[in-house]
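# Secondary and tertiary structure notes
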Amino acid sequence: MPKKTLTVRFVDTVKTAAPRIEYFDSHTSGLALRVTDSGIKTWTLMYRTQPNPETGTPPQLRRLTLGRYPDLDLKGARKQAGIERGKVASGKDPA
């Protein structure tokens, strides 16, 4: 899972020969651009849930789909990721 500073140009032009690859944004923690070999580009957010001491549930790694590119652009994806990360920080699970 490569990590890089995503740019508009990169998002516009990135392609892959692999079935699927994810590029994690070094600017916004947890934000990733998932690119498939058929050219579909999807924004996702990876995060960990808060542990629940009442039920004994440990933190879990979760993925939330934010939307498809170009319907959701880079700026919008970063903004939406920040909103969803705020929910996680307050103890909620946005998924």
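Residues numbered from 1 in each chain as written. Predicted model: local features only at pLDDT ≥ 70, side-chain atom pairs only at ≥ 80, totals over all residues. Heavy atoms only, no water.

Within the chain, the secondary structure is distributed over two helices and five strands. Each helix and strand of the chain, ordered N terminal to C terminal, gives the series β-α-β-β-β-β-α. With the C-alpha coordinates of the chain rotated into their principal frame, the extents come out at 45 × 25 × 20 Å. Partitioning the intrachain contacts of the chain with sequence separation of at least 6 by distance along the chain shows that 33% fall at a separation of at least 24. Per element, the accessible surface of the chain, about 6,000 Å² overall, is 51% carbon and sulfur. Positive and negative charge centroids in the chain, built from 17 and 9 side chains respectively, lie 4 Å apart. (Helix = DSSP H or I, 4+ residues; strand = E, 2+ residues; numbered from the N terminus. Contact = heavy atoms within 4.5 Å. Areas by Shrake-Rupley, 256 points an atom, 1.4 Å probe, with all protein chains shown as cover. Lys, Arg positive; Asp, Glu negative; His and termini not counted. Charge placed at Lys NZ, Arg CZ, Asp CG, Glu CD.)

Moving on: the nonpolar core. One recurring pattern in soluble globular proteins is that nonpolar side chains are buried together. The biggest cluster of nonpolar side chains holds 19 residues, and the ones touching the most others in it are Leu 6, Leu 33, Trp 43 and Leu 66. Within the residue set of this core, elements represented by two or more residues are helix H1 (8–13), strand S3 (31–36), strand S4 (41–48), strand S5 (61–69) and helix H2 (74–89). If you tally residues by element for this core, the top one is H2, at four residues. Discounting chain neighbours no more than four positions away, the residues touching Leu 6 are Val 11, Tyr 23, Asp 25, Leu 33, Trp 43, Leu 74 and Arg 78. (Core = buried A, V, L, I, M, F, W, Y, C linked by side-chain atoms within 4.5 Å. Buried < 20%, exposed > 50% of the residue type's maximum accessible area, 1.4 Å probe, protein only.)

Every α-helix carries 3.6 residues per turn, so stepping three or four residues along brings you back to the same face. In a regular helix each residue adds 1.5 Å, so 16 residues correspond to 22 Å; H2 covers 22 Å between its end C-alpha atoms and thus fits that length. Those residues of H2 lying buried are Leu 74, Ala 77, Ala 81, Glu 84 and Val 88. Here the buried residues of H2 occupy an arc of 90° about the axis, which is enough to place them on one side. Across from the buried face of H2, at angles greater than 90 degrees, the exposed residues are Lys 75, Lys 79 and Ala 89. If you follow the buried residues of H2, they end up packed against H1, S3, S4 and S5. Two residues or fewer past H2, Gly 91 is found with a positive phi of approximately 95°. (Expected span 1.5 Å × (residues − 1). Arc of directions from axis to C-beta.)

Our next topic: the side chain of Glu 84. Structurally, Glu 84 is set in helix H2. Not counting residues within four places of it along the chain, the set of residues in contact with Glu 84 comprises Leu 45, Leu 64, Leu 66 and Pro 94.

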